[in-house]
Amino acid sequence: MAKKLDKPSAKLEPIRVYADTSVYGGVFDPEFAAASRAFFDQVDRGRFSLVISSVVRQEVAAAPVRVRNFFLRYEAKAQAALVDNEALLLQQAYLSAEINSAKWEADLLHVALATAAGCQLIVSWNFKHIVHFDKISRYNAVNVRQGHLALGIYSPLEVAYDEDETSIQ
């Protein structure tokens, strides 16, 4: 009879994830609430290490009170991605590559901040400017050309799990 392997005792390092503003608001949107809450449950359990930025803070400041209060719950334990020269150069490179127009420069900056901060993932409900099949490969082509690793770009639905560690349906 084959010996059953024991599970490794070492705890896995949390995955660094930048959550854009839409994910915080998604907690209160009927269409996105289940997956958004499941994502934040995974943050609470230590699967994800949350990264935020001043851009998220500014956008959340204009959101309804319940979204602001929910964000405050996570702000203190999140790591901050800085809007520094590296992130601004990436944002400009995305703009030069015409991934999005200047009208959507905040969306470009979210991706640049996640990349420059060394996040493994960015999660967003923005299917037009961030989580879009045509844009993901273009963001990552720029990232690699600029000497960065490729960034996983997903919706919370694609990364969150329920209690049994199966995908949210």
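Here, the structure is the one placed above.
Everything in this summary refers to the structure shown in the same document. Chains are numbered independently. Their residues run from 1 in the order of the written sequence. Thresholds applied to this predicted model are a pLDDT of at least 70 for local features of residues and 80 or more for the giving and counting of side-chain atom pairs; totals over whole chains, interfaces and linings are not thresholded and use all residues. Based on all heavy atoms of the structure, the side-chain values leave hydrogens and waters out of the count.

**Describing unusual backbone geometry**
Note the cut-off: Put simply, DSSP H or I for four residues or longer makes a helix, DSSP E for two residues or longer makes a strand, and each gets a number counted from the N terminus.
A positive phi angle, near 60 degrees, is found at Glu98, a position not held by glycine. For Glu98, the position within the fold is in the loop between helix 5 (85-96) and helix 6 (105-116).

**Here's the deal with the pairing of strand 2 (residues 48-53)**
Convention followed: Think of it in three bands: residues with accessible area under 20% of the maximum for their type are buried, residues over 50% are exposed, and the middle band is partly exposed, with areas taken using a 1.4 Å probe on protein chains only. Strand pairing is assigned whenever DSSP detects at least two bridges linking the two strands.
Taking burial as the measure, the six residues of strand 2 include six buried ones, the bulk of the element. Every second residue of strand 2 is oriented toward a common face, with Phe48, Leu50 and Ile52 on one face and Ser49, Val51 and Ser53 on the other, all of them buried. Note that strand 1 (residues 15-19) and strand 2 share four bridges and pair parallel. Opposite Arg16, over in strand 2, you have Ser49 as the bridge partner. Note that strand 2 and strand 3 (residues 79-81) share three bridges and pair parallel. Within strand 3, the residue paired with Ser53 across the bridge is Ala81.

**A few points about the pattern of salt bridges**
Selection rule: A pairing counts as a salt bridge when a side-chain nitrogen of Lys or Arg comes within 4 Å of a carboxyl oxygen of Asp or Glu.
By the definition in use, this model includes four salt bridges. The shortest N-O distance in the salt bridge between Arg57 and Glu75 comes to 2.6 Å. One end of the pair, Arg57, is in helix 3 (residues 54-61); the other, Glu75, is in helix 4 (residues 65-75), and 18 residues separate them in sequence. According to the relative accessible area criterion, Arg57 is partly exposed, its value standing at 33%. The class of Glu75 is partly exposed, set by a relative accessible area of 22%. Of the charged contacts in the structure, one is a salt bridge between Arg138 and Asp134, with a shortest N-O distance of 3.6 Å. Residue Arg138 and its partner Asp134 are both found in helix 7 (residues 133-145); the two are separated by four residues, about one turn of the helix. A relative accessible area of 26% places Arg138 in the partly exposed class. Counted as one network, the salt bridges with shared partners bring together Asp44, Arg73 and Lys77.

None of this, on its own, says anything about what the molecule does.
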